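Each chain, written out:
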Amino acid sequence: PTLLPPHSLAMPHSARLRHVLRACAEGQPAPTPAPTSGGDADGPTVVTSKGAVQGLAIDGVNTFRGLPFAAPPVGALRFKRSVPPEPWEGVLSCVEFGAVAPQLTPEPGQECDEDCLTLNVYNEQGSVGAPVFVWVHGGAFTSGSGSNAGYDGATLAKTGLCVVSINYRLGALGWAKLKNGDANC
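The present account deals with the structure reproduced in this document. (Residues numbered from 1 in each chain as written. Predicted model: local features only at pLDDT ≥ 70, side-chain atom pairs only at ≥ 80, totals over all residues. Heavy atoms only, no water.)

1. Details of empty space enclosed by the protein
Gaps between atoms show up when a probe of the same size as a water molecule is rolled over them. On inspection of all chains with the given rule, the structure shows 2 cavities of 30 Å³ or more. Here the second largest cavity is characterised by a volume of approximately 50 Å³. Pro 73, Arg 78, Ala 101, Pro 102, Glu 114, Cys 116, Arg 169, Leu 170 and Leu 173 are the residues that line the second largest cavity. A breakdown of the residues in the lining of the second largest cavity according to their chemical character gives 6 nonpolar, no polar and 3 charged. (1 Å grid on protein atoms, 1.4 Å probe; cavity = no way out; pocket = protein on both sides within 12 Å on 5 of 7 lines; lining within 4 Å. Points joined across faces, edges and corners; volume = space filled by probe spheres on them. Nonpolar A, V, L, I, M, F, W, Y, C, P; charged D, E, K, R; others polar.)

2. Topic: unusual backbone geometry
Non-glycine residue Phe 79 carries a positive phi angle of around 65°. Within the secondary structure, Phe 79 sits in the loop between strand 4 (61-68) and strand 5 (91-93). Taking relative accessible area as the criterion, Phe 79 reaches 22% and is therefore assigned partly exposed. Its identity as a non-glycine residue notwithstanding, Phe 141 has a phi of 60°, on the positive side. Assignment of secondary structure puts Phe 141 in the loop between strand 7 (132-136) and helix 2 (154-157). (Helix = DSSP H or I, 4+ residues; strand = E, 2+ residues; numbered from the N terminus. Buried < 20%, exposed > 50% of the residue type's maximum accessible area, 1.4 Å probe, protein only.)

3. Some points on the environment of Val 53
Within the secondary structure layout, Val 53 lies in strand 2 (residues 52-54). Assessed through its relative accessible area of 0%, Val 53 is described here as buried. As for Val 53 and Val 91, which are separated by 38 residues in sequence, their C-alpha atoms are 5.2 Å apart.

4. What to know about the sheet that holds strand 5
Overall, mixed pairing links the 3 strands, which are arranged 1-2-5 in an open sheet. Of all strands in the sheet, those bounded by a partner on one side alone are strand 1 (45-47) and strand 5. Recorded for the sheet is a direction-independent mean angle of 25° between the axes of neighbouring strands. As judged from the 3 bridges shared by strand 1 and strand 2, these two strands associate in the antiparallel manner. In the strand pairing of strand 2, Thr 45 is matched with Gln 54. (Pairing = 2+ DSSP bridges. Axes fitted to C-alpha atoms, helices over the stretch in contact; angles between N-to-C directions.)

Geometry only, nothing functional implied.
See the structure below:
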């Protein structure tokens, strides 16, 4: 993923993002989600290194929302570098956006939760080997999310790109350096 801004390359989960994006460019999103169940019987399903995921087909675009790419950063993992979650059984439903990082001004209807390390993938149906465009939302590292209304990747996906938008930890939960924590967790 050469389109990540320079500051994102230092993010601890950048290696996992590269893995996800490389697989996306090959036509297979490769999230690392935690176990859940469900799925839309009519949506696209792909098999990843952690298990199967099912998304939505909307106007010619395969859309996978809320794909966790790391274990929930809570409890012992708070203020620590992200770690991959365990594989899951069954099909992970990826039809709803994941929670956004805790912040003062989320968009209406957005759920804030520390378990926010998710991404969204938009890929034109039938597309294989598409260039990957990664959208890292702004917000001064204190607000925003990859699911903000203005960041829908479907339009760009229809131009032949594989679009990935991400959520990441914000504020002190993501950027504080504590004595027993990790820098840029």
